[in-house]
Amino acid sequence: MATTGAAVGLGNIWKFPYIAGENGGGAFVLMYLLCIVLLGIPIMIAEVMLGRRARENPIHAMLKNSRDAGASKAWAFIGAMGVACGMMILMYYSVVAGWSLEYVWQSMQGSYMDKSATEVAAGFGVLASNPERQLLWHSLFLLLTAIIVGLGVTRGIGTAVDNLMPLLFVLLLVLLGYSIRNGNFELGFNFLFNADFSKLTGDAILIAMGHAFFTLSLGMGTVMVYGSYMPKNSSIPRAVLAVAFLDTIIALIAGLIIFPLVFASGLEPGSGPGLLFETLPIAFSGMWNGSIFGTVFFILVSIAALSSSISLIEPGIAWLEKTGISRLFATCGLGLICWLGGVASIYSSAVFDTLDYATANVMLPLGGLLIAIFVGWKMGYTRVRKEISDIPALLFNIMFITLRFIAPIGVIIIFAHSLGFIA
Ligand code: TRP
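Just so you know, these numbers come straight off a predicted model, no measurement behind them.

1. Describing empty space enclosed by the protein
Okay, so step 1: Tallied over the entire structure, the rule returns 1 cavity of 30 Å³ or more.
Okay, so step 2: Looking at the largest cavity, it is lined by 18 residues, and the ones nearest its centre are Ala6, Phe214, Ser217, Ser308 and Leu312.
Okay, so step 3: For the lining of the largest cavity, the elements supplying multiple residues, two or more each, are helix 1 (2–7), helix 2 (10–22), helix 5 (77–109), helix 10 (202–215) and helix 14 (290–322).

2. What to know about the state of the cysteines
Think of a disulfide as a covalent bridge from one cysteine sulfur atom to another cysteine sulfur atom.
Okay, so step 1: This model, assessed by the stated rule, comprises 0 disulfides.
Okay, so step 2: With no disulfide partner, Cys85 has as its closest neighbouring cysteine sulfur the one in Cys338, 11 Å distant.

3. A look at the layout of surface pockets
Okay, so step 1: Considered as a void within the structure, the second largest pocket measures approximately 310 Å³ in volume.
Okay, so step 2: Lining the second largest pocket are 15 residues, with Ile41, Ile45, Leu241, Leu395 and Met399 sitting closest to its centre.
Okay, so step 3: Broken down by secondary-structure element, the contributors of at least two residues to the lining of the second largest pocket are helix 3 (26–54), helix 12 (236–264) and helix 17 (393–418).
Okay, so step 4: Considering each element in turn, the lining of the second largest pocket owes the most residues, 5 residues, to helix 3.

4. Some words on the site of the ligand
Okay, so step 1: Close contacts around the ligand come from 17 residues, with Ala7, Gly11, Tyr93, Phe214 and Ser311 the closest.
Okay, so step 2: At 2.8 Å from an oxygen atom of the ligand is found a main-chain nitrogen or oxygen belonging to Gly11.
Okay, so step 3: Take Asn12: an N or O atom from its side chain is 3.4 Å from an oxygen atom of the ligand.
Okay, so step 4: For the ligand, the accessible surface in isolation is 360 Å², of which the surrounding protein chains cover 100%.
Okay, so step 5: Cavity membership is defined here by more than half of the atoms lying within 2 Å of grid points; on that basis the ligand lies in the largest cavity.
Okay, so step 6: Among the elements of the structure, helix 1, helix 2, helix 5, helix 10 and helix 14 are those that each provide at least two residues to the shell around the ligand.
Okay, so step 7: Tallied by class, the residues present in the shell around the ligand amount to 9 nonpolar, 8 polar and no charged.

5. Focus on the packing of helix 3 against helix 17
Okay, so step 1: Where helix 3 contacts helix 17, the axes come no closer than 9 Å and their chain directions differ by 120°. By the angle between their axes, helix 3 is oblique relative to helix 17. Crossing handedness for the pair helix 3 and helix 17: left-handed. Facing helix 3, whose interface residues are Cys35, Leu38, Leu39, Pro42, Ile43, Ile45 and Ala46, helix 17 presents Met399, Thr402, Leu403, Ile406, Ala407, Gly410, Val411 and Ile414.
Okay, so step 2: Of the residues belonging to the contact of helix 3 with helix 17, the class tally is 13 nonpolar, 2 polar and no charged.

6. Things to note about the nonpolar core
Okay, so step 1: In this structure, Trp14, Leu280, Phe297 and Val375 are the most contacted members of the largest nonpolar core, which totals 149 residues.
Okay, so step 2: Phe297 has contacts with Ile13, Leu168, Leu171, Leu172, Leu175, Leu280 and Phe284, leaving out every residue within four places of it along the chain.

7. Some words on unusual backbone geometry
Okay, so step 1: Non-glycine residue Arg55 carries a positive phi angle of around 55°.
Okay, so step 2: Take Arg55: it is sitting in the loop between helix 3 and helix 4 (58–69).
Okay, so step 3: In this structure Arg55 comes out as partly exposed when scored by relative accessible area, which is 36%.
Okay, so step 4: The phi torsion at Asp114 lies on the positive side, around 55°, for a residue other than glycine.

8. A short note on helix 16 (residues 349–387)
Okay, so step 1: The first and last C-alpha atoms of helix 16 sit only 44 Å apart over 39 residues, clearly below the 57 Å expected at 1.5 Å per residue.
Okay, so step 2: Along helix 16, the sharpest change in direction is near 110° and occurs at Gly380.

9. Observations regarding the packing of helix 13 (residues 275–285) against helix 14
Okay, so step 1: The interhelical angle for the contact between helix 13 and helix 14, taken along N-to-C directions, is 140°, at an axis separation of 8 Å. One finds that helix 13 runs oblique with respect to helix 14. On the side of helix 13, the interface is formed by Phe277, Leu280, Pro281 and Phe284, while helix 14 contributes Gly290, Phe293, Gly294, Phe297 and Phe298.
Okay, so step 2: Broken down by class, the residue content of the contact of helix 13 with helix 14 amounts to 7 nonpolar, 2 polar and no charged.

10. Here we look at the packing of aromatic side chains
Okay, so step 1: This model, assessed by the stated rule, comprises 24 aromatic pairs.
Okay, so step 2: Taken together, a centroid distance of 4.9 Å and an interplanar angle of 35° make the contact between Phe16 and Tyr32 tilted. With Phe16 in helix 2 and Tyr32 in helix 3, this residue pair connects regions lying 16 residues apart in the sequence.
Okay, so step 3: On the basis of relative accessibility, which here comes to 0%, the residue Phe16 falls in the buried class.
Okay, so step 4: Residues Phe277 and Phe298 carry aromatic rings whose centres are separated by 6.1 Å and whose planes lie at 20° to one another, so their mutual orientation is stacked. Taken together, the positions of Phe277 in helix 13 and Phe298 in helix 14 put the pair 21 residues apart, joining distant regions of the chain.
Okay, so step 5: An aromatic cluster of at least three residues, connected via ring pairs, comprises Tyr92, Trp99, Tyr103, Phe124, Phe277, Phe284, Phe297, Phe298 and Phe352.
Okay, so step 6: In this structure, Lys15 is placed above the aromatic ring of Phe214, and the distance from its NZ or CZ to the ring centre is 4.3 Å.
Okay, so step 7: The ring of Trp377 has Arg404 lying over it, and the distance from NZ or CZ to the ring centre is 3.9 Å.

11. As for the environment of Asn12
Okay, so step 1: Examined against the element boundaries, Asn12 turns out to sit in helix 2.
Okay, so step 2: With 347 residues separating them in the primary sequence, Asn12 and Thr359 have C-alpha atoms 16 Å apart.
Okay, so step 3: If sequence neighbours within four positions are ignored, Asn12 has contacts with Ala7, Pro17, Thr215, Asp247, Ile250, Ala251 and Ala254.
Okay, so step 4: A polar contact of 3.0 Å, which involves the side chain of Asn12, links it to the backbone nitrogen of Gly9.

Cut-offs used in this document
- Residues numbered from 1 in each chain as written.
- Predicted model: local features only at pLDDT ≥ 70, side-chain atom pairs only at ≥ 80, totals over all residues.
- Heavy atoms only, no water.
- 1 Å grid on protein atoms, 1.4 Å probe; cavity = no way out; pocket = protein on both sides within 12 Å on 5 of 7 lines; lining within 4 Å.
- Points joined across faces, edges and corners; volume = space filled by probe spheres on them.
- Helix = DSSP H or I, 4+ residues; strand = E, 2+ residues; numbered from the N terminus.
- Disulfide = S-S within 2.5 Å.
- Near = heavy atom within 4 Å.
- Polar contact = N/O pair within 3.5 Å; in protein donor to acceptor, adjacent residues only side chain to side chain.
- Areas by Shrake-Rupley, 256 points an atom, 1.4 Å probe, with all protein chains shown as cover.
- Sits in = over half its atoms within 2 Å of the grid points.
- Nonpolar A, V, L, I, M, F, W, Y, C, P; charged D, E, K, R; others polar.
- Axes fitted to C-alpha atoms, helices over the stretch in contact; angles between N-to-C directions.
- Parallel < 35°, antiparallel > 145°, perpendicular 65-115°, else oblique.
- Left-handed = near helix turned anticlockwise from the far one by under 90°.
- Contact = heavy atoms within 4.5 Å.
- Core = buried A, V, L, I, M, F, W, Y, C linked by side-chain atoms within 4.5 Å.
- Buried < 20%, exposed > 50% of the residue type's maximum accessible area, 1.4 Å probe, protein only.
- Expected span 1.5 Å × (residues − 1).
- Bend = angle between axes of the 7 residues up to and from the residue.
- Phe/Tyr/Trp six-rings, centres within 6.5 Å; stacked < 30°, edge-to-face > 60°.
- Lys NZ or Arg CZ within 6 Å of the ring centre and 35° of its normal.

Listed below in structure tokens is the structure:
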């Protein structure tokens, strides 16, 4: 459940619908699902296992694992890149979480109630062109993250979040009901699930893969840290399958809420990062007690974002702590760096986009590739089987072969394809 808290976040509710919209829908969604199953799940099992074996922050965990497997210490690079990558993600993640806080505020005020769909949608543009306002919310969100991480209560927060996430799920179902009744459900559904491969560019495939990693919090040590909390006798494959399943369902529901509204309101599916904030307030504005629903919904989204943001910075803090720096000092230092990065992404959309692209589409898949190679080739069959002994041999062998061959080759082919080396 705690890993679900880290996995479910803005990636599902904000990012998935908007990148699906920008990349033409159906074929992109299919690629994303394929990447979850063929790359995401096996690599996630591997990453959780590396954490559980070592019970350390990602850098020290990889030092330990490589020593144990008789491999080079250089594999700690996976952990180091992960620490940097988590910070880079947080630099724009916190800005988007700030948008969500702004919509908590607007919902409480009823700002978008009783307005036309076009007017409501235009509200996001007003926020987008107001950097001071975004700065305020970004700072507040990062401060909340830093307080929780600084106090070292991340695991305590995990349980609180686990109790709120079912509520978020219920609200998503309510919104889905609204969308089915009031949106153009048929068009929305077809957009998401009718695969037209002519729309699938090399870059779209890369983005689909990158998002599979992003949404599962994979490739940078987050699930390694969570794995390090896992009891020795619990089943890694079972936990991973549950997280991947829930995470994917939530993303698909978010898409099924948003696109019917997009088509019914004459908006553009490819309108970009504002999509969530342009469409959902339209639903709330037409709903009975919409301002209350909207307030609760955006609070829950903000909390989902908080449980993810914690997991983005925690690997770095845990590593600094291990090197002898106090938790408080580490939090202030890393928090300040993330805050500055967030300021840069507020004032420059190029910074925002580059941080997003470099982390999700390059660093996370690269981290995942290295994890697959390390576990599949360096640790070897026997060591891995010992850690994952609770599934039948046949299933394990399928998993191990996927990890050894399909996952690394898949990542490499998609990298090469997007760079134009292969058609
Ligand atoms: N998966 C989270 C989301 O979908 C974001 C996230 C948290 C993340 N920790 C991560 C992404 C680690 C990549 C790596 O919102």
